[in-house]
Amino acid sequence: MKAMVLKQMADLRETRAPLDCMDWPEPEPGNGELLIKVSACGVCHTELDEIEGRTPPPRFPIILGHQVVGRVAGAGAGAGRFNIHDRVGVAWIYSACGKCPFCLSGNENLCDHFKATGRDAHGGYAEHLTVPEAFAYPIPETFSDVEAAPLLCAGAIGYRSLRLTGIRDGQNLGLVGFGASAHLVLKMVRKAYPNTRVFVFARMDTEKNFALELGAFWTGGIEEECPEKLQAAIDTTPAWKPAVEALKNLQPGGRLVVNAIRKEEADKNALLKLDYPRHLWLEKEIKSVANVTRKDVEEFLALAAAIPLRPEVQEYKLEEANTALLELKERKIRGAKVLVMPGG
Ligand SMILES: [Zn+2]
Ligand SMILES: [Zn+2]
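Sequence positions are assigned chain by chain, starting from 1 and proceeding in written order. Ligands are numbered from 1 and chains lettered from A, in the order in which they are written. Selection of residues for local features in this predicted model requires a pLDDT of at least 70, selection of side-chain atom pairs for listing and counting requires 80 or more, and totals for whole chains, interfaces and linings are taken over all residues. Note that water and hydrogens are dropped before the side-chain values are worked out from all heavy atoms of the structure.

It is worth spelling out the coordination of the zinc ion (ligand 1) at this point. Coordinating donors are taken as N, O and S atoms within 2.8 Å of the metal, stretched to 3.2 Å for Na, K and Ca; because water is absent from the atoms, sites can appear incomplete. At the metal site, the zinc ion (ligand 1) is ligated by Cys44 (SG), His66 (NE2) and Cys153 (SG), and these contacts range over 2.0 to 2.2 Å. Written as a sequence motif, the donor residues of the zinc ion (ligand 1) are C-x21-H-x86-C. Taken as a pair, Cys44 in the loop between strand E3 (33-43) and helix H1 (45-51) and His66 in the loop between strand E4 (62-63) and strand E5 (68-75) lie far apart in primary sequence, 22 residues in all. In terms of burial, Cys44 and His66 fall into one category: buried. In this text, helices come from DSSP runs of H or I with a minimum length of four residues, and strands from runs of E with a minimum of two, each type numbered from the N-terminal end. Only protein chains enter the calculation, and the probe is 1.4 Å; a residue is then buried if its accessible area is under 20% of its type maximum, exposed if over 50%, and partly exposed in between.

What follows is the structure in structure tokens.
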């Protein structure tokens, strides 16, 4: 099968094509696993973190990609949850132990043995992948394959982030950075919390205009003072400065949710600007979002179908994965980037 393969870590400023297009042996489903013929796979900022070593794959070569939509093409021994040709999705959570206190308390995203699709196991930048059937999801009919793909990460983790903010309808929410996940959060908020004003902080005019089109109440630059205090903000940027700047806009008791698997080192000095009275005093909180649970994915897919929440997508061919990744790195973003497989 055709696959886009990462053989080693790379600095994307120097290596413009980190993935090799290769002929790769088709995987075989093991016990309890499905073989999935991939039709679409979303491109996520986390892939940049993997390539550049901020969350490195434990072994190489590795096939990236964790927002996978396809059809069941085979099943290993003991796998009977789906039929051949059923449409399923695979998300960032590839597996968890199922036995530890985290797994048993509904926090399988925090499991020590958490495995990530496209990092700890081969992912969807390929024509096929295998996955434990318990970690595959039926895709609601209302979505096309390409629409469903970005929902599986950007949407699911956006849903988890929004949940972790703890906001109620009518409370102000800030979105710091406006990429794939944030634009879906804005759409969720418009439906689920119709009286909540959303304030979007972004660098590019294209992002700001896009946010206004989708119903943001206000947009401004990353450093700008928000015209109203925020009950919560979600930071989806890879940098430190936006997080520090966001804290000043929180009201007393407000919460900043950081939805980034890693922060880049480049602007770490921004943390020295952290001013206790201005940024943290009066019980402001900072909370990170780690991974997703299956429940997040399932609940989010149901909500997305009920709304219905249609992501804006930009399509690329599988062999254009390097282009999509570079554009993501350079923040040439309008909605979510999705690789479409040959015949997919
Ligand atoms: Zn992702
Ligand atoms: Zn566990």
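Back to the text.
Time to look at the packing of helix H3 (residues 145-165) against helix H8 (residues 294-306). Whenever a helix is involved, its axis is fitted only over the stretch in contact; in every case the axis is a line through C-alpha atoms, and angles between N-to-C directions fall within 0 to 180 degrees. Running from amino to carboxyl end, H3 crosses H8 at an angle of 100°, the nearest separation of the two axes being 9 Å. Overall, the two elements H3 and H8 adopt an arrangement that is roughly perpendicular. Contacts between H3 and H8 involve Leu151, Leu152, Gly155, Ala156, Tyr159, Arg160 and Arg163 from the former and Asp296, Val297, Glu299, Phe300, Leu301, Leu303 and Ala304 from the latter. Classification used: nonpolar for Ala, Val, Leu, Ile, Met, Phe, Trp, Tyr, Cys and Pro, charged for Asp, Glu, Lys and Arg, polar for all others including Gly. Here the residues of the contact of H3 with H8 are counted per class, giving nine nonpolar, one polar and four charged. To sort the angles, those under 35 degrees are grouped as roughly parallel, those over 145 as roughly antiparallel, those from 65 to 115 as roughly perpendicular, and the leftovers as oblique. For this analysis, residues touch if any pair of their heavy atoms sits within 4.5 Å.

The subject of this paragraph is the coordination of the zinc ion (ligand 2). At the metal site, the zinc ion (ligand 2) is ligated by Cys97 (SG), Cys100 (SG), Cys103 (SG) and Cys111 (SG), and these contacts range over 2.3 to 2.4 Å. Classification of the site at the zinc ion (ligand 2) as tetrahedral follows from its four donor atoms and the range of 105 to 115° in their angles at the metal. Mapped onto the sequence, the donors of the zinc ion (ligand 2) take the spacing C-x2-C-x2-C-x7-C. Taking relative accessible area as the criterion, Cys103 reaches 13% and is therefore assigned buried. Square planar and octahedral sites, with four and six donors, are those where opposite donors lie more than 155 degrees apart and all other angles lie between 65 and 115, tetrahedral sites have four donors with every angle between 85 and 135 degrees, and the rest are irregular.

Time to look at the nonpolar core. For this analysis, a nonpolar core means a set of buried residues of the types Ala, Val, Leu, Ile, Met, Phe, Trp, Tyr and Cys, connected via side-chain atoms within 4.5 Å. Among the nonpolar cores identified, the biggest contains 99 residues, and Leu19, Tyr125, Leu173, Leu175, Phe178 and Leu339 are the most heavily contacted of them. Ranked by residue count, the leading element in this core is H3, at twelve residues. Once you skip the residues sitting within four places of it in the chain, Phe178 turns out to touch His183, Leu186, Val200, Ala202, Glu207, Phe210, Ala211, Leu214 and Thr236. Ranked by size, the runner-up nonpolar core spans 15 residues in total, among them Phe199, Leu230, Ala243 and Val258.

Here the focus is the side chain of Lys208. Position of Lys208 among the secondary structure elements: in helix H5 (residues 205-213). Using a relative accessible area of 16% as the deciding quantity, one classes Lys208 as buried. Once residues lying within four places of it in the same chain are set aside, the contact partners of Lys208 are Ala202, Arg203, Thr219, Gly220 and Gly221.

The rule is short: rings of Phe, Tyr and Trp, with Trp giving its six-membered ring, pair when the centres are within 6.5 Å, and they are stacked under 30 degrees, edge-to-face over 60, tilted in between. Counted according to the given criterion, the structure contains six aromatic pairs. Ring centres of Phe199 and Phe217 lie 5.5 Å apart, and the angle between their planes is 65°; on these two criteria the pair is classed as edge-to-face. Of the two residues, Phe199 is situated in strand E12 (residues 198-201) and Phe217 in the loop between H5 and strand E13 (218-220); the sequence distance between them amounts to 18 residues. Taken together through their ring pairs, the aromatic side chains of Phe199, Phe201, Phe217 and Trp218 make up a single cluster. A positively charged side chain is recorded as over a ring if its NZ (Lys) or CZ (Arg) lies within 6 Å of the ring centre. The angle to the ring normal must also be within 35 degrees. Sitting over the ring of Phe135, Arg294 keeps its end group 3.9 Å from the ring centre.

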